[in-house]
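# Coordinate analysis (summary)
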Amino acid sequence: MNPPRAGIDYPRSVGEFQAWFRTDGDCLDFLEWLRWPTGFACPDCGHYGGWRLGDGRFMCSGCGGRTSVTAGTIFDRTRTPLTVWFTACWLFATGKDGISALSLKRTLEIGSYQTAWAMLHRLRSVLVRPGRDRLAGAVEVDETYIGGYESGLPGGRAPGKKVIVGIAVEIHEPRGIGRCRMRPLADISATSLHAFVKDHVEPGARVITDAWQGYRGLEKLGYVHDRRSQRAVRARGEDPGKLLPATHRVASLAKRWLLGTHQGSVDRAHLASYLDEFVFRFNRRRSRSRGMVFYRLLELAVAHAPVRYEGLIAAKRPRAAPPTPPSARGHPPSLERPPANRPWRAAGLSYSV
Ligand SMILES: [Zn+2]
């Protein structure tokens, strides 16, 4: 598949974003083009071909089934207009630190905190592509403790408990950091740590860890194990904190992001999905264009099965929003732009037939 083209397949700037997606219809057409680039394919029977019904849905010419562009995606049965969804996706994908539910609610004037919260969680849930590559080359692996921010808050909340999180980071010699992976772990036993390494690191890679016994036996799993002893580092008079500098750096960035953008309001039940978001953005930090990241996010979203609100809150309800300070409602600046005539369609016409 050809890489998406700037200015044709994805907007290069916020101005272009606004010019392309002026109406909910523009957004729906973009999703249709992303989902069925070569024309309608029936999600029920796999048949290619069908026709558009008066209500905008499609009817399969094979099985006669009816479906919509958003059915079976994370936008399934949404009551939020697609222009709002697209703007949320743009902010999520292009912001250096993403966006909190509270900021999203205020920025897009979304009626409730819960709606904004659930939108962001739906986006987080699509970020881990099934069958994505594992890390390769030289990979530092370590654990860190995240959480415990909630104690001392008014309202008698139970003190937050820290969660053990596994971190794997590719390192480029002599210096430099590649991609990373993070996931909460049940404990720091060999069982948990070996499973974490197997899930996230390609066999044959050089895995660099500290001397913790839970990492013993990685050679038997097909890795080259580079075990670094803190004691040896201390004996050489070096800083033991520098033993695994890449994991140390990534862990502190993740913690700073959770405390900054999300003000430490992340609960245990949802930590994994926040870490997915951090990893998604971190691994695309050198992407040539933020618009490309937006495109990748929508591509994942239309390929992902629906995520129900009940599923998101199965473990825990979102925290009630802090009170919004009263403010005068002024007139927001216009978002109108001249029409761009859907360039993703126009480009296809020039070399079709
Ligand atoms: Zn069909």
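Now for a look at the structure at hand. Per chain, the residues get numbers from 1 upward, laid out in the order the sequence is written. Under the rules for a predicted model, residues below a pLDDT of 70 receive no local features and side-chain atom pairs below 80 are neither given nor counted, while totals for whole chains, interfaces and linings still include all residues. Values shown for side chains rest on all heavy atoms present in the structure; no hydrogens or waters enter the calculation.

The next thing to look at is the overall build of the protein. Summing up its helical and strand segments, the protein has 12 helices and eight strands in all. Three exposure classes are used, based on accessible area relative to the maximum for each residue type with a 1.4 Å probe and protein chains only: buried under 20%, partly exposed in between, and exposed over 50%. Within the protein, buried positions represent 44% of all 353 residues. The long-range fraction of contacts in the protein, counting pairs at least 24 apart against all pairs at least 6 apart in sequence, stands at 61%. Put simply, DSSP marks the helices as runs of H or I at least four residues long and the strands as runs of E at least two long, and each gets a number from the N terminus on. The contact criterion used throughout is that any non-hydrogen atoms of two residues lie within 4.5 Å.

Once that is clear, we can look at the coordination of the zinc ion. Metal donors were taken as nitrogen, oxygen and sulfur atoms no farther than 2.8 Å from the ion, or 3.2 Å where the ion is Na, K or Ca. Water is excluded, so coordination may look unfinished. Summarising the metal site, the zinc ion is bound by the protein donors Cys42 (SG), Cys45 (SG), Cys60 (SG) and Cys63 (SG), whose distances to it range over 2.3 to 2.4 Å. For the zinc ion, the four donor atoms are set out with angles of 104 to 113° between them, so the coordination reads as tetrahedral. Mapped onto the sequence, the residues coordinating the zinc ion show the spacing C-x2-C-x14-C-x2-C. Residue class for Cys63 comes out partly exposed when judged on its relative accessible area of 45%. Four donors are marked tetrahedral only if all angles between them lie between 85 and 135 degrees, whereas four are marked square planar and six octahedral if opposite donors are more than 155 degrees apart and the other angles lie between 65 and 115; the remainder are marked irregular.

Before going further, it helps to examine the pairing of strand β4 (residues 138-147). Burial of β4 is extensive: nine of the 10 residues sit out of reach of the surface. Two strands form a pair only when DSSP identifies at least two bridges running between them. Sheet topology places β4 next to strand β5 (residues 162-171); 10 bridges connect them, and they run antiparallel. In the sheet register, Gly147 faces β5, and the bridge partner there is Lys162. With three bridges connecting them, β4 and strand β7 (residues 206-210) associate as parallel partners. When the sheet's bridge partners are listed, Ala138 is paired in β7 with Arg206.

A helix is expected to span 1.5 Å for every residue after the first. For helix α8 (residues 245-260), which comprises 16 residues, the first-to-last C-alpha distance of 22 Å matches the rise-based estimate of 22 Å (1.5 Å per residue) to within 8%. Within α8, burial applies to Ala246, Thr247, Val250, Ala251, Ala254, Trp257 and Leu258. On an axial view of α8, the arc spanned by its buried residues comes to 125°, and they lie on one face. Residues of α8 that are exposed and point over 90 degrees away from its buried face: His248 and Arg256. As for α8, its buried residues are in contact with β4, β5, β6 (177-184) and α9 (271-283). As used here, the arc belongs to the directions running from the helix axis to the C-beta atoms.

Moving on to the side chain of Asp9. Note that Asp9 resides in the segment before α1 (14-20). In contact with Asp9, not counting residues within four places along its chain, are Pro3, Pro4, Trp20, Phe30, Trp33 and Tyr295.

In this section: the sheet that holds strand β1 (residues 50-52). One open sheet accounts for three strands, arranged β1-β2-β3; its pairing is antiparallel. The sheet is open, and its two borders are formed by β1 and β3 (66-67), each paired with just one other strand. With three bridges connecting them, β1 and strand β2 (residues 58-60) associate as antiparallel partners. From the neighbouring strand, Gly50 faces β2, where its bridge partner is Cys60.

This part covers the packing of helix α2 (residues 24-35) against helix α3 (residues 82-94). Between the N-to-C directions of two axes lies an angle of 0 to 180 degrees, each axis being a line fitted to C-alpha atoms and, for a helix, fitted only over the stretch in contact. The contact between α2 and α3 brings their axes to 8 Å, and the two run at 65°. In terms of axis orientation, α2 runs roughly perpendicular to α3. Contacts between α2 and α3 involve Asp24, Cys27, Leu28, Phe30 and Leu31 on the former and, on the latter, Leu82, Thr83 and Phe86. In the scheme used here, Gly and all other residues not listed as nonpolar or charged are polar, with Ala, Val, Leu, Ile, Met, Phe, Trp, Tyr, Cys and Pro taken as nonpolar and Asp, Glu, Lys and Arg as charged. Residue composition of the contact of α2 with α3, by class: six nonpolar, one polar and one charged. Small angles under 35 degrees read as roughly parallel and large ones over 145 as roughly antiparallel, with 65 to 115 read as roughly perpendicular and the rest as oblique.

Below, the discussion takes up the sheet that holds β5. Sheet architecture is open: five strands sit in the order β6-β5-β4-β7-β8, paired in mixed fashion. Of all the strands in the sheet, just β6 and β8 (224-228) have a single pairing partner and so form its edges. Taking the axes of each pair of neighbouring strands and ignoring which way they run, one obtains an average angle of 25° across the sheet. Relative to β8, β7 runs parallel, the two being bridged by five bridges. Looking across to β8, one finds that Arg206 is bridged to Val224. Packing of α8 onto the sheet brings it into contact with β4, β5 and β6, and relative to β4 it is tilted by some 35°. Helix-sheet contacts for α9 involve β4, β5 and β6, and the interaxial angle to β6 is about 175°.

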